[in-house]
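# Reading the structure
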Amino acid sequence: MNASRTPSPGSRPSPREQQGAALRSKEEELGRLADRQERQEFFKQILPLLDPLKDYVRRRLRIAYLELAVRTPVETTGDILGRVIFKAYRDFGRKPADLSLEHWLYQLADRVLKSYIQSRKRTEMRRR
C-alpha cells in the first residue's frame, strides 16, 4: 500500500518530494519539447530537477561495486543519468498515462542500470 505523506505545517519537503512537485509542474512543457524534438531545451529543462534521481543512480552503482557485480567502473553516474534522460526524451510519447513522470524516470533508470550491470557481469565473467 502506497500512502502519500503530507508534510506537517512548518516542515520542509524532502528533496525527493521537491523533485516530484517540480516534475509534475514541468511535465506538460517537457512533453511539448519532446514532441517538437527540441532536445537541447528538453535537457536544459529536466537536468536541474533530477538531483534525487542522480543520488539514486549513484547508490545503485555503489551497491553493484560493493557486491562485486561490477569490478571495473566503465560508466559514471552522469553517463547512466544521461542515458536515462535521452531515453526519456526519445520515448516521452510512450510514457504510460497511469505513471507520473517521476515514477517513469525511476523505472527507466532501473532498466538502464540493470542492463549496464548485466553487461558488466558478463564481461567480468569472461575476464575471470
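Because the structure is a prediction, the values reported are computed rather than measured.

Rules used in this analysis
- Residues numbered from 1 in each chain as written.
- Predicted model: local features only at pLDDT ≥ 70, side-chain atom pairs only at ≥ 80, totals over all residues.
- Heavy atoms only, no water.
- Salt bridge = Lys/Arg side-chain N within 4 Å of Asp/Glu carboxyl O.
- Helix = DSSP H or I, 4+ residues; strand = E, 2+ residues; numbered from the N terminus.
- Buried < 20%, exposed > 50% of the residue type's maximum accessible area, 1.4 Å probe, protein only.
- Expected span 1.5 Å × (residues − 1).
- pLDDT = per-residue confidence, 0-100.
- Core = buried A, V, L, I, M, F, W, Y, C linked by side-chain atoms within 4.5 Å.
- Contact = heavy atoms within 4.5 Å.

## Notes on the pattern of salt bridges
- Evaluation of the coordinates by the stated rule reveals nine salt bridges.
- Across the pair arginine 32 and glutamate 28 runs a salt bridge whose closest N-O atoms are separated by 3.4 Å. Of this pair, arginine 32 and glutamate 28 both sit in helix H1 (residues 15–35), four residues apart, which is roughly one turn of that helix.
- Residue arginine 32 is classed as partly exposed on the basis of its relative accessible area, which comes to 38%.
- Among the salt bridges present, the one from arginine 83 reaches glutamate 75, with a minimum N-O distance of 2.9 Å.

## Considerations on helix H4 (residues 77–90)
- In a regular helix each residue adds 1.5 Å, so 14 residues correspond to 20 Å; H4 covers 20 Å between its end C-alpha atoms and thus fits that length.
- The set of residues buried in H4 consists of Thr77, Ile80, Leu81, Val84, Ile85, Ala88 and Tyr89.

## Topic: the confidence of the model for the protein
- Here the protein shows a mean pLDDT of 84. Residues at 70 or above account for 88%.
- Per-residue pLDDT, averaged within each element of the protein, yields its smallest value for helix H5 (residues 101–127) (84) and its largest for H4 (92).

## Here we look at the nonpolar core
- Counting residues in hydrophobic clusters, the biggest one holds 33 residues, and the most contacted among them are Phe42, Ile46, Leu53 and Leu105.
- Listed by contribution, the elements that provide at least two residues to this core are H1, helix H2 (39–46), helix H3 (51–66), H4 and H5.
- Contacts of leucine 105, omitting those with residues within four sequence positions, involve Leu23, Ile46, Leu50, Leu53, Val84 and Ala88.

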